[in-house]
Every structure is written in C-alpha cells, then in structure tokens.
Amino acid sequence: MVLVHGTLVAFALAVLGKAVQVQLVDQTKWEKAAADQQVRTLDVVPLRGRILDANGITLVESRELIRFGVDPRALDSTKRYGDARVVLRRELTTLGVKPALIRRSLDESVKWVGIPGLFAPSDVEMLQQLRAVRSERVLLRNVSAPAGIRRIIGAVNSEQQPQSGLELELDPLLRGVHGRDEFLRDGRGDRLESPALERVSATQGHTITLSLNRSLQEIAERELALAMERTGASGGDVVMMDPRDGSVLALAGARNGQPSVSSTALTDPYEPGSVIKPFVMARLLDMKRAGLDEVVNTEGGQWMVARRVIDDEHKEASMTFRDVIRLSSNIGVVKFAQRLSPREQYEGLRDFGFGTLTGVPYPAESRGRLPVPGPKGTWTAQTPSALAMGYELSATPLQLASAYSTIANGGELLQPVFIREIHSADGTLLYQHKRRVLRRAISEETAREMRTILASVVDSGTAVAAGLETFDVAGKSGTARRSENGRYVVGGYNATFAAMFPAQAPQYVIVAKLLDPRSKIYGGVVSGVIVHNVLQAAQATRDASLDRRELARYAKPLPAPVVKPLSPQAIASATRDSARFDSLRAPIPEPAPPVAAAGRVVFALPMTVATSARDDAPAIAVPVPSVYGLNVRQAARTLHKAGFHVRVSKGIAGETRPAAGSTARAGSTVVLFAAP
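Residues numbered from 1 in each chain as written. Predicted model: local features only at pLDDT ≥ 70, side-chain atom pairs only at ≥ 80, totals over all residues. Heavy atoms only, no water.

**Q** What should I look at first to understand the overall build of the protein chain in this one?
**A** Helix and strand counts for the protein chain come out as 21 helices and 30 strands. Within the protein chain, buried positions represent 46% of all 676 residues. Within the protein chain, contacts between residues at least 6 apart in sequence are counted, and of these 70% link residues at least 24 apart. For the protein chain, the exposed area adds up to about 33,600 Å²; of that, 54% sits on carbon and sulfur atoms. (Helix = DSSP H or I, 4+ residues; strand = E, 2+ residues; numbered from the N terminus. Buried < 20%, exposed > 50% of the residue type's maximum accessible area, 1.4 Å probe, protein only. Contact = heavy atoms within 4.5 Å. Areas by Shrake-Rupley, 256 points an atom, 1.4 Å probe, with all protein chains shown as cover.)

Structure (structure tokens):
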C-alpha cells in the first residue's frame, strides 16, 4: 500500500511539475507554438505608386492579380455555397477555362490542377472561398509609355524590386508601406476571421507626375525614326525642353537603327561642334569684349593658329560679329575667343552647365567633359581654338538643351526637371516643382541679342531648313567629326541643330542630333528638318505644353498677295478685245488690310486673343529692291535693310518673289532664289 500510494503521489507531483513547467516556465514557447498552428500572418505587399505624364495620362501603374489552383480531393459541400463541385464548374466556365481543364479539376484522382493565367480579384472572389482552391496574390507593373519614356522610367523585377531609371531613383516614394494580415485556421485548414487578431492595410506608393509629355515624346520618336531612314544615319537623339521652368518635355534616342536600351540623351556625351559657338560669343558680348557690328578678318576662309589649319565653309575676307555666328565661321569665332583668357573661356562654358551633372534624378547621367586650364589642367596650345569650335569638350544633348534654355529664358541657367508633382495615395499634394535658378550665365540684354542673331541663322544662315512659315525660329547648327576610343572615325559625323521656338519668347528648346548621316552631313540641313517637322506636329497637337495665347502674339504676318505679270500672248489677245483690254488696264486694287497674326494659327475654341497695338497698325507698302548681280549674303542684307524677311529657295539666281519693283507690305517675307 505504501508503494502504491507513493507511486500515485510521485505521479501526481510529476503531473503538477509538468503543468508548472508548461504553463508558467515555458508559457511563451507553447503560446507561440499554438499560434503558429492556429494563426497565420501574411506580409501584404503594397501597390507601387503610379507614374503620370505632364497631362495626367497614366504611364505606369501596378495591378493586383490572382493566380490559383485546385485540389480536387478537397472538394466538398458547404452550407453557404452548396455543392463545391457545382460552384467550381460554374466559376471556371465563367472565367473561360477550357472544358478539358475543368473536367480535370473535378477529377478526385488528381492531386493538384494549376489554372493558367492571372485573374482580377473580383473575378475569383467566390472561388477563393472554396477550401479546394489555393490562390496567390501577384503584383504586375503595367507600362503603357512610349519607348523613350520607358528608358527614363526604368523597370522592376517580378518581385517589384526596382532595377533602373526613375523606378530605382525614386523607389522610397513609389514602393509604399507594407501591411500585415493575421487570421485563424481551423483543423481543416479553413480560414477564420478573429477581431482579436491585428490586421494592417498596406499603403500604396505615391503618385508621381512627370514633366515628360507623352504626345511630344511620340512626335520626337517618330521624327527621329523618319530622319534616320531618310538620311541613313545610324542613330540620334532628340531633346525637348521648356526653357521657362526647366521642364524636360521629351527624350528620344536610337542607336544602330533601333531604339536605344538606355536614355542616350543623358548617358552619351559627344563633341558637339559649332553649336558651342554662341556660348563663347555670348560671353564676349556680355563682358563688352566685342560689339555686334564689329568686323573681324576671316582670312578668305583659311587660317593657321597653333600649327593647326582652320577652314571656313563660307569663305569671306571679313565678317561681322553677327555673321560669324550666322554663317558659322570657325576663323571668326577663334579670333574673337582669343580675347578671353583660358580661365575666362573655361568659366564661360562652365557657367552654361558644361562639364557638370544637370541634377536630374537619373542614375547613369554623364557629366560630359570640360578641360580645366592651369598647371594641373589638360589644356594645350590648341585647346582655346578647339573649345571655341566645339571640340575637346563633350556634352550630352540634355546639357546642350539646358544651355540653350539659358539664352532662351533671358540668361538664367535652370535645373532641368523630370518631376512636376508628387501626390500621396489619398491625393494630398506633397511636392510641386518650382523654377530653380542655378546661376545667371549672361545678362538679359545679351540673351536677347543672341536670340536675334540665332534667328538670322534660320532665316538666312546655315539652318534655313528649320524655318517655319508661321513663326520665327532661332537656333544654331553644328557638324562635328565623331570620335571613338580617342580617334576620329573616317567619314563619321555628328550633325546637330539646337533650336528655340518661337524666337522672340521661346516656349520650346529642341536639340536634334544624328549620328553618321549618309545623305548629307550638315546639322542645319539634316537635323534642322527634324526640328521643322517636330514643331509643325507640335502646333497641331492639342496637349503640346504650349501657351497658345502667348504664342499667337508672335505669329508672322501674312505676305502681301503676289500679282502675276501678264504674258505677251495674253496682252496680244486682250488687244483684240478693247473692252477686255480696258479692264486689264484698270488699276490694281490696294492690298487688303493685314489679317491679324493670330489668324495664321488654328486654336481650340472657345478662347479669345488679346489684340496688340501692332495688330491694328496700318500696312506700309514698300518696293522690293532689285538684287541682280549680288551674292546670296549681299542680297539677303539688301532685302533685310529694305524691311523684309528673307527666305532662300532654289531657282534662278537674283530673282525674288514678289518681283523686284513691285510693292509688298513691310515685314512680309520675300523669297530669294539662288542657284542650286
């Protein structure tokens, strides 16, 4: 009896001791083990934020989809849905699943059936309630942007981790905040909700509105592709920028005949050539080291400096400051640049943003190259002349667009931007771009004078192909030899044209570049056509980021009607009919009053256009001077002096339209014909 009772007491003490250990000593351990069996915690990945273009059009967004499969052996009937087999058959049929796969999903001899495809959560809501169905949440990043914008935006992998571009640079804003979902599972594995469990919803990432304009991007990409096909170029870039606030509107790029895999307008610097000349000349003008009408000896088109022979395409004995830019004289710009010390020349180019990063949020942007003078620098005896002509430095198309925006906006270097606004998931505005001035590069007066000179480049200089009938365009062409691995490629050229539109108060700065054009190599010809076509298409687009009310102020006036002279046959025929002859002798009526400049442009209605004082000014008839015997440059000067705009076209040299001796309204355009 003692042994039996002692055994029972020992057993009771052991049970009591184990209970103490389980419930008191190891309480936390066993609570966790129970929770692991009964409670399941899921990490809820948030949707990445949307990315919109400047007009609010969605470029990138994340979507939640469902992938699921069926365990036929777990099919049973429920009080809520009835026979699970009936429900499964009906829902799979609604989703468009093939009949053979539906039969397989109902075959209890099959262990598992995966249903191919991804489905919207609302479409599979009832299926997810069945115990036989196991579902998985899948997040997809849907991109509906043009190729050029895709390269800027970058990409994410299957796990929504950013890999490149803005997706990588702005990931802290786009990725959102993860949530947590806790629920119970019963003995059969079915899900049970419990108010005692914590459930935290995921917060979607911020919505980012870019400065890029989808319509302009598509225009730029299309015109670049057409230009490459037309000229046989191996690649190229087009950058569009708003010089008023630094917004980057479009970035198109191609290499080897195909859209590039990266944004080459930001990553591929090159020697731009003559498009650098206006910045050197603007610095001289700003420092009062040169005058607009000052004449420089251009040596008849060939000159040697620092043991290097410099040639001009337009060979003249001398040129004015204006013509050095208009006709892109290498000799002229080098001689003017000699008035700057190496430090002044370096600082002048640096102040326009060359040799430094622009600051846009793009991981692989290149800073280009600008040689530094001084004992530790890389300058040689030929560097000053090379820099003046756009060699020995390299710049990206975006840096060029930023520099020309400085001339366009009155002399202030602005920070280029891609991001216009940032909104939280609930729509709260968190950030809005404001114009950011980095420095003043030149005075407002100098910038205005440079725009006037650059307008003459398009009007009667090296880039007539970029001109428009409706508005003045200012710009500069550049044709530079292309280098690879430190050596110039035989027959390889970069043809560039940088434009400002309209010339008087630019709303666009466009830089167009072609690599190795085969038909013609000159930037004003091949790249100027790209700018011309882009501007025409942009004016016809409703959402082109243009202030059309302001643009209407600068539309060109309509040219005076041209009266075609009678042929000798018509006069002889009219002589036989005195009545008809008398009618022909009647004085030609005066031209009708000029139509307001805004009448040349199509606008979206309703809208009103304020009439400026000059719109009401009376027309002044001016005789067209004769330019027979003059070369093109002299003829253009003569017509300009008479008060006309000049457009050069191929034809019989010396002829004009309207013809010499006839009258036309002052300020109208006269077509000057030159020999092909």
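From this point, things continue past the structure.
**Q** Help me understand the side chain of R48 in this model?
**A** Mapped onto the elements, R48 comes out in the loop between β1 (39–44) and β2 (51–52). According to the relative accessible area criterion, R48 is buried, its value standing at 3%. Looking at R48, its side chain comes within polar contact range of the side chain of E167, at 2.9 Å. Residues in contact with R48, not counting those within four places in the same chain, are S62, R141, V156, Q160, P162, E167, D171, L174, R175, Q204 and G205. (Polar contact = N/O pair within 3.5 Å; in protein donor to acceptor, adjacent residues only side chain to side chain.)

**Q** What is the right way to look at the sheet that holds strand β30 (residues 669–674) in this model?
**A** The strands that make up a sheet pair up through hydrogen bonds in the backbone, lying either parallel or antiparallel. One open sheet holds the three strands; their spatial order is β27-β30-β28, and the pairing between them is mixed. The open sheet has two edge strands with one neighbour each: β27 (645–650) and β28 (656–657). On top of the sheet, helix α21 (residues 632–641) reaches β27, β28 and β30; it is set at about 165 degrees to β30, its chief contact. (Pairing = 2+ DSSP bridges. Axes fitted to C-alpha atoms, helices over the stretch in contact; angles between N-to-C directions.)

**Q** Before we go on, may I ask you to explain helix α12 (residues 330–337) in this structure?
**A** Helical geometry note: an α-helix holds 3.6 residues per turn, so side chains three or four residues apart project in the same direction. Among the eight residues in α12, eight count as buried, and that is most of the element. Of all the positions in α12, only N330, I331, G332, V333, V334, K335, F336 and A337 are classed as buried. The N-cap of α12, judged by a side-chain oxygen 2.9 Å from the amide nitrogen of G332 a few residues on, is S329.

**Q** In this structure, what is going on with the sheet that holds strand β24 (residues 487–501)? I would like to understand it.
**A** Strand order across the open sheet formed by six strands is β14-β13-β12-β25-β24-β23, with antiparallel pairing between neighbours. Strands with a single pairing partner mark the edges of an open sheet, and in this sheet they are β14 (258–259) and β23 (474–484). Across two bridges, strand β13 (residues 247–255) lies against β14 in antiparallel orientation. Across the sheet, the residue bridging to R255 is Q258, located in β14. The strands touched by helix α8 (residues 214–231) within the sheet are β12 (235–242), β13 and β25 (508–515), with β13 carrying the most contacts at an inclination of about 30 degrees. Sheet strands touched by helix α15 (residues 397–408): β12, β13, β23, β24 and β25. Its angle to β25, the strand with the most contacts, is close to 145 degrees.

**Q** Help me out: how do you make sense of the pattern of salt bridges in this one?
**A** Note on pairing: side chains with opposite charge can pair once their charged atoms come close. One pass over the full model with this rule turns up 31 salt bridges. R67 serves as the salt-bridge partner of E136, at 3.4 Å between the closest nitrogen and oxygen. You can see E136 sitting in strand β7 (residues 133–143) and its partner R67 sitting in strand β3 (residues 58–70), a full 69 residues away along the chain. We note a salt bridge from D472 to K556, for which the minimum N-O separation is 3.5 Å. Note that D472 is positioned in the loop between α16 (444–460) and β23 and K556 in the loop between α18 (548–551) and α19 (568–575), a separation of 84 residues in sequence. The exposure class assigned to D472 is buried, which follows from its relative accessible area of 17%. (Salt bridge = Lys/Arg side-chain N within 4 Å of Asp/Glu carboxyl O.)

**Q** Help me out: how do you make sense of the pairing of β23 in this one?
**A** The side chains of a regular strand alternate between the sheet's two faces. Bridge count for β23 against β24 is 10 bridges, and the pairing is antiparallel. Across the sheet, residue S483 finds its bridge partner in β24, namely Y488. Hairpin connection from β23 to β24: two residues lie between these consecutive antiparallel strands, with N485 at a positive phi of about 55 degrees.

**Q** Can you help me understand a nonpolar patch on the surface in this one?
**A** Judged by side-chain polarity, V9, L13, L16, V20, L24 and V25 come together as a nonpolar surface patch covering roughly 590 Å² of accessible area. With respect to the helices and strands, the residue L24 is situated in helix α1 (residues 2–25). (Patch = residues over 30% accessible without salt bridge, like charges linked within 9 Å, V, L, I, M, F, W, Y side chains within 5 Å.)

**Q** Would you take a moment to explain the side chain of S366 for this structure?
**A** Counting through the fold element by element, S366 comes out in the loop between α13 (342–351) and α14 (383–388). Given the relative accessible area of 17%, S366 is considered buried. Leaving out residues up to four positions away in the same chain, S366 has contacts with L266, T267, P269, L357, T396 and Q399.

**Q** How do you make sense of the environment of L454 when you look at a structure like this?
**A** Tracing the backbone shows L454 in helix α16. Accessibility expressed as a relative area gives 0% for L454, which makes it buried. For the pair formed by L454 and V473, sequence separation is 19 residues and the distance between their alpha carbons is 8.3 Å. Setting aside chain neighbours within four positions, we find L454 in contact with P278, I325, Y404, I407, V473, A474, G475, K476 and M500.

**Q** Sorry, what's going on with the packing of aromatic side chains here?
**A** Here a ring pair, both rings aromatic, is described through the centre-centre distance and the interplanar angle of the planes. All told, the structure shown has eight aromatic pairs when counted by the stated rule. A ring pair is formed by F321 and F336, whose centres lie 5.4 Å apart and whose planes are at 70 degrees; its orientation type is edge-to-face. Placement of F321 in helix α11 (residues 321–326) and of F336 in helix α12 is noted, with a sequence separation of 15 residues between them. Neither F321 nor F336 differs from the other in exposure class; each is buried. On the basis of an interplanar angle of 80 degrees and a centroid distance of 5.5 Å, the ring pair of F471 and F501 is categorised as edge-to-face. A residue pair is termed long-range when its members are at least 10 positions apart, and F471 in the loop between α16 and β23 and F501 in strand β24 qualify at 30 residues. In textbook terms, an aromatic cluster arises when at least three aromatic residues are bridged by ring pairs, as seen for F279, F352, F354 and Y404. The residue whose ring lies beneath K335 is W303, and the NZ or CZ to ring-centre distance is 4.8 Å. The aromatic ring of Y270 is capped on one face by K513, whose charged end is 3.9 Å from the ring centroid. (Phe/Tyr/Trp six-rings, centres within 6.5 Å; stacked < 30°, edge-to-face > 60°. Lys NZ or Arg CZ within 6 Å of the ring centre and 35° of its normal.)

**Q** I keep staring at the pairing of strand β16 (residues 302–305) and nothing clicks. Help me out?
**A** Of the two faces of β16, only one is covered, namely that formed by W303 and V305; the face formed by Q302 and M304 stays uncovered. Pairing geometry for β16 and strand β17 (residues 308–311), over four bridges, is antiparallel. Note that in β17 the partner of M304 across the bridge is V309. Where β16 folds back on β17, the antiparallel hairpin that results is connected by two residues, among which A306 adopts a positive phi of roughly 50 degrees.

**Q** What is the right way to read the environment of L430 from this model?
**A** Structurally, the position occupied by L430 is in strand β21 (residues 429–432). Take L430: its relative accessible area is 49%, and that puts it in the partly exposed class. Separated by 223 residues in the primary sequence, L430 and T207 have C-alpha atoms spaced 9.9 Å apart. In contact with L430, not counting residues within four places along its chain, are H206, I422, H423 and S424.

**Q** Explanation requested: unusual backbone geometry in the structure shown.
**A** Most peptide bonds take the trans configuration, and most residues that are not glycine carry a negative phi. With an omega dihedral of -15 degrees, the bond running from F501 to P502 counts as a cis peptide bond. Checked against the element boundaries, P502 lands in the loop between β24 and β25. In this structure, K288 is a non-glycine residue whose phi angle is positive, near 60 degrees. Here K288 is to be found in the loop between α10 (277–286) and β15 (295–297). We classify K288 as exposed; its relative accessible area is 67%. The phi torsion at S328 lies on the positive side, around 55 degrees, for a residue other than glycine. For S328, the position within the fold is in the loop between α11 and α12.

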